[in-house]
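# Structural overview for review
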Amino acid sequence: METLNNLAFGLGVALSWQNLLYCFIGCFLGTLVGVLPGIGPVATVAMLLPFTFGLEPAPALIMLAGIYYGAQYGGSTTSILVNIPGESSSVVTCLDGHEMAKQGRAGPALAIAAIGSFFAGCVATVLVAALGAPLTSLALLFGPAEYFSLMCLGLIFAVVLAKGSVLKALTMILTGLLLSMIGSDLETGAERMTWGIPELSDGIGFVVVGMGVFGFGEILRNLENPGSREIVQASVTGLMPTLPDLKAAAGAIGRGTVIGSLLGILPGGGAIIASFAAYTLEKRVSKNPSRFGRGAIEGVAAPESANNAAAQTSFIPLLTLGIPPNPVMALMVGAMTIHGIVPGPQVMTKQPELFWGMIASMWLGNLMLVVINLPLVGVWVTLLRVPYRLLYPSIIVFCCIGVYSINNSPFDVTIAAIFGVIGYWLLKHDFEPAPMLLGFVLGPLMEENLRRAMLIARGDWTVFFTRPISAVLLGIAIFLLIVAAMPKIRRRRDEVFVE
């Protein structure tokens, strides 16, 4: 009953004209980002962070959240119509969605993607609301040692669930932690790894790193394949799926929602792995697996439901524990810090209007996305006809404006460009950049909690193993790392990612 009262309170906050407006802007921009290949939600959230400085915390975070889960919707449109995933979590949708479009069934494919996304988003919103209070109560029991161990576990999850080599993912985590140490020491103020460059005395901004690696890096990679896009249908008709379509998709939507909701909570899991896992499960439970890849509607329903559910449940660890499970949530930590909010359990108790307002806005955002996506399919098709060589200069300009406007510093733009080249190199050599950004954002928090724990324990490092919760979290982290390094498990893991 208390949860229902809190949701009603949150709905009152979300229904204010300002919050509704920014929720719509976020959902619209998210859909646009999802439709247009070449710029993902990470770069977009990073680009728009400076523009939220003048906003109140609630509308700013509601808009940024809308961009993230809106991108999951938009990615399905380009996957189905053009066979190019606008968002990485929509890669699997191409397999059956585009086949359906070639068979003249683009309308039902788009409709099922929207229905599955809406249902999954609503279920995930209820889950966020239901788990918010219990997890917040648990988080209040955590001390510095427990928080440090929890962050270690989160980073190990990011390693285990990242595609490619475990060693490469570990390298990325350590690189992110090292980058986070550039600047001034937290306690003494002494400069570390600044190489005499005054601009580095305050460290490197998370927006600069995120924009460089995920914005400029993606643009460079996309310029390698500037090929023309073959759009199946200029106008999409017959959006209403048939009764057999709905029956076939119902189970897939339910299973995809469950998988996505669970994987979204795990650090490093998120929407990408959720969509792959949901598609694989549907192939396993199907009576006729050979249909998949040839236009099976379940192959659209399951991954689209999974990636939307995962996108929304990823807010659970952020809002309750203050731990970002993926790069977008890492940037949300930055957004909260900019607005003077300390991410973690205190948000729910000290700023309930922000906590419950964000949760209620997710449901309203899902409703808006159905309205935005289906009637505007023609607009998205027209946008997809624009050659990428004409799009990328404007994307670069907006990225540069976003980076420059944070500190009015040309040096930041230069650093972002350097990280763009680094990001491109990482992508070319099969390094997953997401763990690096997570390590970069969690680095200062880990260092702070490590020092606090050691100070309280008077330098006794065994405190991390003598406190029960901390010991369990570290034990799970070590176990996961050992399992992931085992040759048999490693081979099976590589096979799954290749598949």
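A brief look at the structure comes next. (Residues numbered from 1 in each chain as written. Predicted model: local features only at pLDDT ≥ 70, side-chain atom pairs only at ≥ 80, totals over all residues. Heavy atoms only, no water.)

### Digging into the packing of helix α6 (residues 106–139) against helix α10 (residues 243–265)
The packing of two helices is summarised by the inter-axis angle and the distance between the axes. Taken N-terminus to C-terminus, the directions of α6 and α10 make an angle of 40°; their axes are 9 Å apart at the nearest point. One element, α6, and the other, α10, form an angle in the oblique class. The interaxial crossing formed by α6 with α10 has right-handed handedness. Contact residues: Pro108, Ile112, Ile115, Gly116, Phe119, Ala120, Val123, Leu127 and Leu131 in α6; Asp245, Leu246, Ala249, Ile253, Thr257, Ser261 and Ile265 in α10. By residue class, the composition of the contact of α6 with α10 is 12 nonpolar, 3 polar and 1 charged. (Axes fitted to C-alpha atoms, helices over the stretch in contact; angles between N-to-C directions. Helix = DSSP H or I, 4+ residues; strand = E, 2+ residues; numbered from the N terminus. Parallel < 35°, antiparallel > 145°, perpendicular 65-115°, else oblique. Left-handed = near helix turned anticlockwise from the far one by under 90°. Contact = heavy atoms within 4.5 Å. Nonpolar A, V, L, I, M, F, W, Y, C, P; charged D, E, K, R; others polar.)

### Some details on the environment of Met436
Assignment of secondary structure puts Met436 in helix α20 (residues 434–456). Those residues in contact with Met436, other than ones at most four positions away along the chain, are Met172, Thr175, Gly176, Leu179, Val209, Val213 and Leu426.

### Details of the packing of helix α14 (residues 327–338) against α20
Direction vectors running N to C along α14 and α20 enclose 25°, while the axes themselves pass 9 Å from each other. The orientation of α14 relative to α20 falls into the category roughly parallel. Here α14 runs over α20; the crossing is left-handed. Residues Pro327, Ala330 and Val333 of α14 touch α20, and the partners they reach there are Ala434, Leu437, Leu438 and Val441.

### Considerations on the nonpolar core
For soluble globular proteins, nonpolar side chains are generally found buried alongside one another. The biggest cluster of nonpolar side chains holds 108 residues, and the ones touching the most others in it are Leu64, Ile204, Phe315, Met332 and Met358. Discounting residues that sit within four places of it in the chain, Leu64 has contacts with Val45, Leu48, Leu49, Thr52, Met332 and Ala335. (Core = buried A, V, L, I, M, F, W, Y, C linked by side-chain atoms within 4.5 Å. Buried < 20%, exposed > 50% of the residue type's maximum accessible area, 1.4 Å probe, protein only.)

### Examining the state of the cysteines
The full count for this structure, using the stated rule, is 0 disulfides. As a non-bridged cysteine, Cys23 has Cys27 as the owner of its nearest cysteine sulfur, 4.3 Å distant. Overall, the relative accessible area of 1% leaves Cys23 in the buried class. (Disulfide = S-S within 2.5 Å.)

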